[in-house]
Amino acid sequence: MRLAALFVLTLALTASGARLLAQGASPAQQHADQALQFAQQGDLKSAESELRKAVELSPGDSNFLTSLGGILGMEGDLRQANTYLAKAVKLNPQDPASRRNLAANQWQLGQLKEAHQNLDLLLRANPRDKIATFLLGMVSEKEKAYARSAKLLESVPDVLAQQPDGWAALANSYYHTGRTENARAALQRLLSPPANPRTVFLGGSIAMDALDYSNAETLFRSVRSSYPDRAALESEIALAEYRSGHVAESERTLLEAVKANHATSSGYVLLCRMLSAEGSDLRALRIAAQAAQAFPDSSDVLSTKGSVELKLRYFKDAVASYQKAAVLKDSAGVKRGLATAQWNAGLREQATSTFEQAMRQFPRDAQTCQVYGTLLLEDGSPENKARAVNLLKHALDLDQSATEPRYQLANLELTDGNPQQALAYLESAIKLDPNDSRLHFALSRVYRRLGRDSDAGKETEIYQKLKAAEQPGARNDAAGGTHP
Amino acid sequence: MRWGAAICVVLFTAWLWWPLATGTSTGPILFENIIDRSGVRFVMDSSTSPRKHQIETMVSGVAIFDYNNDGLMDLYFVNGARLPDMDKSDPRYWNRLYRNNGDGTFTDVTGKAGVRGAGFGMGVAAADYDNDGWVDLYVTGVNRNQLFHNNGDGTFTDVTEKAGVAGVHPQLGKTWSISAGWFDYDNDGRLDLFVTNYVNWSLDTEPLCTGGSLPAYCSPNSYTGQPNMLFHNNGDGTFTDVSEASGIGKQVGKGMGVVFADYDGDGFTDVFVSNDTYRNFLFHNNGNGTFREAGMVSGVAYNENGKSIAGMGADFRDVDNDGLPDIFVVGMVGDTFPLFRNRGADFTDVTSAWGITGPTARSTAWGAGIADFDNDGWKDLFAACSSILDNSEEIEHLPSKLPNKVLRNIGGTHFADVSASAGASFGVPQAHRGLAYGDLDNDGRIDAVVTIKDGRPEILMNRSPEKNHWLLVKLVGARSNRDGLGARLKATLATGRVLYNHATTSTGLSAASDPRVHFGLGAAERVDKLEILWPSGIRQVLDNVSADHILTVDEPAK
């Protein structure tokens, strides 16, 4: 969003510069003249230096202060800019240029309330102030007043034409007010004529946030050769491809990014997850290892590596990865992964301690209870079973949409000779997730136990259909626990 | 006839107090590997190559049987062959027959017996198919299946062609046979032959499979499956292939182990086949020469999560003494080793509920056995463990060699992993494969023999404390098949406790076990009543049978 401010600030500088030229040649003015020339040549540092001299010589001149604030804003020093612009407004409250620049600066600093007040003053004084209208539209978008933002922005098409950031903000406002087609049209304006790559990237991000993945993909792709942060761009392209269902393309994008050292940590994580989901666990692990080298301080990367190792049954490696991840970011997911890895690595006492700690630390995390409960069922001992049942029921209390606790509890009820109770769990689970083959398999067993052979047959059929869809085709995989 | 249902409630109550009341010992299950002093020099040779031919990893089984009727169980080991021609002429590839000398040693009698075999071997089934009183051998393999008729003089004759059991499928040609088993499916007094077949494979067309960048044995997903075969014994030394007519051949899986029991008590022996990464088959015997595949309906097709496991070996015996034979199957890491409890009409997967998931979820096994190793009256579980890949360290970060597992049955409702205290050999990881069990020294304690890929087998003598009593029953059929296979035995003790077992030699994977029916009796010094239901339908009752001996029972005329 910085471009908009630059635009406004540049205008301010030019305007004040013109006034300066017209006022004769006091020493302060000479410095200001010099500053303008430097600014026009793009030498902002020298311009700043000259303006500082002008301000020093004539501290009560609001024009010099506005110009210095503008230059500082252009240099990215928004806080200092704000100081000078505020002084200028204080000295000359009626000067719209100073107030406009102050509002623009405040908007960029996230001082939305202050920006809003200044813009309101400007528009009250001059309702046809297009720049103020534009800026208020931008501020309103930040304030999530999307309807107002859209109304303001679409009222100043000529400013938007010069200020493509506005199209992005307008598209965002449209998306949030359910005007998807308008949003797409607004984003289309970023492509023709091509806007600044950063603005196009921003537009892509807005489309991503609005779940409009194909548009996002188009926008991201259009700046592939020009956007400076290649890693972030490739990551976003891959994510857009993935979310729009183009998994193979997404995987290819990320692999190429990895190859070209253009992968972000989130790109690596996404790639690992995709490879793992398709059963290419060893490839996922290789990528995860590469990611861990590139981003040794990323908890997400390390826990993703741990999850792949867990799936591959490299339990000790998984413990190590999760331990590192836990040091960097202590989340329920990381703790749960660590405890599961420890359990599987045979470190039962440590696993128990980690699970218990996780449940104390994250008492609302249903998954931790569910995973712990399921693992406790492994040894079949009555004590563990009782604890497991409690945990699974608690998991269900915490997350009524969870199917796994229902499934586990149903299996327990069935084994204990209570098919009716099992039935209740399974029927509700299937409502939540009708495509989980295991649920239908379990339900077929329950129906059979209840003597409902016809229902059992139907469930078996559903199970087999779902199962067939899950089966990999004939592949030349190695035997054993993994399918590389 | 169903014995279990009526009394299971009584038993359920009884087991709670029985062990204490009768003083049954619950000492350790303990084995000693005597291979080094046994005289057994057999070294399995799978012709392992860097190319990783699929058949290399699938070797091979062992039989425990008495070939010379001296009352001592002998050993027969199946072996691979040279590749690529599958030639067995080099003695290193011979199958080996070892005579039990009765003193803890064995003598190699392969040459004299004429059972060195041909082709790349897989498994063995042992039984007296022609009722002449001498146990015969059927050897399965990749390119050859062979029937060795026991001549009764220490020699065998290859009668495969004459008998018509070469394992050649009308459409597929010679199938890749893994296991075989003898049973009398039509109760005509003659043992029929069931052969499991694996996948369509040939050296010329097998794919190159990799784990990462390394060559590896393929997943079964790389191949299509083959149907199993059933041969009906004509009683004249020949067999008829009834695979299609019986319905057995209509089901195409990836057959591994085959085990037999009459699971629904209708008097006809049923068949369980474990399949590799495919649902298990339970062939219900309709009693009219046909079978109905009932795995799904009965709840044994998949594990408790609805997953087709990499089914390897299996055993089919009653673990909870309710008179209903249960099924134990072993698989690979992540599968668990499912235990399906027979409820009469169907089965319940009790793997997790009975404590088997924990000890088995992270292991892979080939051979499987259900036997009462501590003679406490509750049959325990044995799994011969090893990874499938011999380079799994590099590919999967998993050990390629694993130690065996033995799980003690605690009161018929729970199993505990007692491997750590089962003897030194249980701490030694090996590429274990086939498992057969039986009483090699006739001391009433069930021993085990485990083959090792490209290694010497383990001969695991049972050294568990001898506090508990036992009974071994050798059946001699008359109207029934001479081995009495399929006979169901019920032992009632003075305490009212009732134990069940049945006669079968088909256990595990590619293996044949001691045909004698074993009972661990705990503290009971006698069996008050021993009931035998012969396959002929004849019911025989023996009273007051003393413990701790081998009882030979002849089938009565009626």
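Position numbers for residues start from 1 in each chain and track the written sequence from start to end. Each chain gets a letter, beginning with A, and each ligand a number, beginning with 1, in the order they are written. The predicted nature of this model means local features are confined to residues of pLDDT at least 70 and side-chain atom pairs, given and counted, to a pLDDT of 80 or more, with totals for whole chains, interfaces and linings taken over all residues. Hydrogens and waters are ignored; side-chain quantities use all the structure's heavy atoms.

### Quick word on the packing of aromatic side chains
Thinking step 1. Within 6.5 Å between ring centres, the rings of Phe, Tyr and Trp (the latter by its six-membered ring) count as paired, and their orientation is classed by plane angle as stacked under 30 degrees, edge-to-face over 60, tilted in between. Within this structure, the stated rule accounts for 34 aromatic pairs over all chains.
Thinking step 2. Judged by centre distance (6.5 Å) and plane angle (75 degrees), the ring pair of Phe-194 of chain B and Phe-260 of chain B falls under edge-to-face. Of this pair, Phe-194 of chain B sits in strand S13 (residues 192–197) while Phe-260 of chain B sits in strand S20 (residues 255–261), and the two are 66 residues apart along the sequence.
Thinking step 3. Between Tyr-263 of chain B and Phe-347 of chain B the ring centres are 5.6 Å apart and the planes differ by 45 degrees, which places this aromatic pair in the tilted class. Here Phe-347 of chain B lies in strand S27 (residues 347–349) and Tyr-263 of chain B lies in the loop between S20 and strand S21 (270–275), a separation of 84 residues in the sequence. With respect to class, Tyr-263 of chain B is no different from Phe-347 of chain B; both count as buried.
Thinking step 4. Three or more aromatic residues link up through ring pairs in this structure, and these residues are Phe-183, Tyr-185, Phe-194, Phe-260, Tyr-278, Phe-281, Phe-283 and Phe-291 of chain B.
Thinking step 5. The rule for a charge over a ring is simple: NZ of Lys or CZ of Arg within 6 Å of the ring centre, and within 35 degrees of the ring normal. Over the ring of Tyr-407 of chain A we find Arg-438 of chain A; its NZ or CZ atom is 4.1 Å from the centre of that ring.
Thinking step 6. The ring of Trp-366 of chain B has Arg-433 of chain B sitting right over it, with the charged end atom 3.9 Å from the ring centre. A helix here means a DSSP run of H or I that spans at least four residues, while a strand means a run of E at least two residues long, and both kinds are numbered starting from the N terminus. Partly exposed residues are those whose accessible area sits between 20% and 50% of the maximum for their type, while under 20% is buried and over 50% is exposed, using a 1.4 Å probe and protein chains only.

### Observations concerning the sheet that holds strand S29 (residues 380–385) of chain B
Residues and elements named next belong to chain B.
Thinking step 1. A pair of strands is considered paired only if DSSP assigns at least 2 bridges between the two. Read across the sheet, four strands follow the order S28-S29-S30-S31 without closing on themselves; strand pairing throughout is antiparallel. The open sheet has two free edges, formed respectively by strand S28 (365–371) and strand S31 (415–417), since each of these has just one partner strand. Direction aside, the axes of adjacent strands within the sheet are offset by 20 degrees on average.
Thinking step 2. The sheet contact formed by strand S30 (residues 405–409) and S31 spans three bridges and is antiparallel. Here an angle of 0 to 180 degrees is reported between the N-to-C directions of two axes, which are lines fitted to C-alpha atoms, with helices fitted over the stretch in contact.

### A few points about helix H28 (residues 453–470) of chain A
All names here are of chain A.
Thinking step 1. For H28, built from 18 residues, the straight-helix expectation of 26 Å at 1.5 Å per residue is met to within 8% by its first-to-last C-alpha distance of 25 Å.
Thinking step 2. For H28, every residue scored as buried is listed here: Ala-456, Glu-459, Thr-460, Tyr-463, Leu-466 and Lys-467. Down the axis of H28, the sector holding all buried residues measures 135 degrees, keeping them to one side. Facing away from the buried side of H28 by more than 90 degrees, the exposed set consists of Ser-454, Lys-458, Lys-465, Ala-468 and Ala-469. Any helix carries an expected span of 1.5 Å times its number of residues minus one. Working definition: the arc comes from the directions between the helix axis and the C-beta atoms, pointing outward to the latter.

### A look at the state of the cysteines
All names here are of chain B.
Thinking step 1. In this description, the term disulfide denotes a pair of cysteine sulfurs within 2.5 Å. Under the criterion given, the structure shown has one disulfide over all chains.
Thinking step 2. Here Cys-209 is linked by a disulfide to Cys-218, with a sulfur-sulfur distance of 2.0 Å. In this structure, the disulfide formed by Cys-209 and Cys-218 twists by about 100 degrees around the S-S bond and is classed as right-handed.

### Considerations on the nonpolar core
Thinking step 1. Counting 149 residues, the largest nonpolar core has Leu-75 and Trp-176 of chain B as the members making the most contacts within it.
Thinking step 2. Contacts are assigned to residue pairs that have any heavy atoms within 4.5 Å of one another. Among residues more than four places away in sequence, those in contact with Leu-75 of chain B are Val-40, Ala-63, Ile-64, Arg-96, Leu-97, Tyr-98, Phe-106, Leu-440, Val-449 and Ile-459 of chain B. Nonpolar cores are built from buried Ala, Val, Leu, Ile, Met, Phe, Trp, Tyr and Cys residues. Side-chain atoms within 4.5 Å join them into one set.

### Quick notes on the sheet that holds S20 of chain B
All names here are of chain B.
Thinking step 1. Sheet architecture is open: four strands sit in the order S20-S21-S22-S23, paired in antiparallel fashion. In the strand order of this sheet, the two ends are held by S20 and strand S23 (291–293), each with one partner. In this sheet, adjacent strand axes meet at a mean angle of 20 degrees when their direction is disregarded.

### Notes on helix H27 (residues 437–449) of chain A
Residue and element names in this part refer to chain A.
Thinking step 1. Over its 13 residues, H27 runs 19 Å from end to end, which matches the ideal 18 Å to within 8%, given 1.5 Å per residue.
Thinking step 2. N or O atoms closer than or at 3.5 Å make up a polar contact, with two conditions inside protein: a donor-capable atom paired with an acceptor-capable one, and, for residues adjacent in sequence, both atoms drawn from side chains. Regarding H27, its N-cap is Asp-436, as a side-chain oxygen of that residue lies 3.0 Å from the backbone nitrogen of Arg-438 further along.
Thinking step 3. Positioned one or two residues after H27, Gly-451 has a phi angle of 80 degrees, which is positive.

### Some points on the interface of chain A and chain B
Thinking step 1. With 40 residues of chain A in contact, the opposing surface of chain B contributes 44 residues.
Thinking step 2. What makes a salt bridge here is a side-chain nitrogen of Lys or Arg within 4 Å of a carboxyl oxygen of Asp or Glu, nothing more. On the surface where chain A and chain B come into contact, there are two salt bridges.
Thinking step 3. Salt-bridge contacts for Asp-346 of chain B lead to Arg-449 of chain A; the nearest nitrogen and oxygen are separated by 3.7 Å.
Thinking step 4. In this assembly, chain A and chain B are joined by nine residue pairs in polar contact (both at pLDDT 80 or more).
Thinking step 5. Counting only elements with at least two residues in the side of chain A that touches chain B, the list comes to helix H18 (281–294), helix H20 (315–328), helix H21 (332–344), helix H25 (404–415), H27 and H28 of chain A.
Thinking step 6. Ranked by residue count, the leading element in the side of chain A that touches chain B is H27 of chain A, at six residues.
Thinking step 7. Along the lines of polarity and charge, the residues of the side of chain A that touches chain B split into 14 nonpolar, 13 polar and 13 charged. Three classes are used, and their members are as follows: Ala, Val, Leu, Ile, Met, Phe, Trp, Tyr, Cys and Pro are nonpolar, Asp, Glu, Lys and Arg are charged, and the others, Gly among them, are polar.

### Some details on the packing of helix H4 (residues 62–75) of chain A against helix H5 (residues 78–91) of chain A
Residue and element names in this part refer to chain A.
Thinking step 1. Relative orientation of the contacting elements H4 and H5 amounts to 160 degrees, with a least axis distance of 8 Å. By the angle between their directions, the pair H4 and H5 is classed as roughly antiparallel. Like other packed secondary-structure pairs, H4 and H5 cross with a definite hand, here left-handed. Each of Ser-62, Leu-65, Thr-66, Leu-68, Gly-69, Gly-70, Leu-72 and Gly-73 in H4 lies in contact with H5, whose residues at this interface are Leu-78, Gln-80, Ala-81, Tyr-84, Leu-85, Lys-87, Ala-88 and Leu-91.
Thinking step 2. Its residues assigned to classes, the contact of H4 with H5 shows nine nonpolar, six polar and one charged. Here is the rule for angles: anything less than 35 degrees is roughly parallel, anything more than 145 is roughly antiparallel, 65 through 115 is roughly perpendicular, and the remaining ranges are oblique. Helix crossings get a hand from a simple test, with the near helix turned counterclockwise from the far one by less than a right angle marking a left-handed crossing and a clockwise turn marking a right-handed one.

### Notes on unusual backbone geometry
Across residues other than glycine, the phi torsion is negative in most instances, and most of the peptide bonds are trans.
Thinking step 1. Residue Pro-193 of chain A follows Ser-192 of chain A across a cis peptide bond; omega there is -5 degrees.
Thinking step 2. Here the amide bond leading from Leu-83 of chain B into Pro-84 of chain B is cis, since omega sits at 15 degrees, within 30 degrees of zero.
Thinking step 3. Among the secondary structure elements, Pro-84 of chain B is positioned in the loop between strand S3 (74–77) and strand S4 (96–100).
Thinking step 4. A positive phi angle, close to 55 degrees, is found at Asn-69 of chain B, a residue other than glycine.
Thinking step 5. Following the sequence through the fold, Asn-69 of chain B ends up in the loop between strand S2 (62–65) and S3.

### Looking at the pairing of strand S26 (residues 339–342) of chain B
Residues and elements named next belong to chain B.
Thinking step 1. The pairing of strand S25 (residues 326–329) with S26 spans two bridges and is antiparallel. Residue Phe-328 lies in a different strand from S26, and its bridge partner there is Leu-339.
Thinking step 2. As judged from the three bridges shared by S26 and S27, these two strands associate in the antiparallel manner. Pairing of Asn-342 across the sheet is with Phe-347, part of S27.
Thinking step 3. The turn joining S26 and S27, which pair antiparallel and follow one another in sequence, is formed by four residues; a positive phi near 105 degrees is taken by Gly-344.

### Structural notes on the confidence of the model for chain A
Thinking step 1. When pLDDT is averaged along chain A, the result is 88; 93% of the residues meet or exceed 70.
Thinking step 2. For every residue, the predictor assigns a confidence score, pLDDT, that lies between 0 and 100. Considering only residues more than four positions removed or in separate chains, one finds that residues 1–18 of chain A, a stretch of pLDDT under 50, has 42 contacts.

### Some words on the pattern of salt bridges
Residue and element names in this part refer to chain A.
Thinking step 1. According to the stated counting rule, one finds 55 salt bridges over all chains in the structure shown.
Thinking step 2. Of the charged contacts in the structure, one is a salt bridge between Lys-335 and Asp-330, with a shortest N-O distance of 3.0 Å.
Thinking step 3. Residues joined in a network through salt bridges with shared partners are Lys-45, Glu-48, Arg-52 and Glu-75.

### Structural notes on the environment of Met-312 of chain B
All names here are of chain B.
Thinking step 1. Following the sequence through the fold, Met-312 ends up in the loop between helix H6 (295–298) and strand S24 (314–317).
Thinking step 2. Judged by relative accessible area, which is 2%, Met-312 ranks as buried.
Thinking step 3. Distance from Met-312 to Leu-509, taken between C-alpha atoms, is 6.4 Å for residues 197 residues apart in sequence.
Thinking step 4. Not counting residues within four places of it along the chain, the set of residues in contact with Met-312 comprises Met-256, Gly-257, Ser-274, Val-329, Val-330, Gly-331, Thr-364, Ala-365, Trp-366, Ile-388 and Leu-509.

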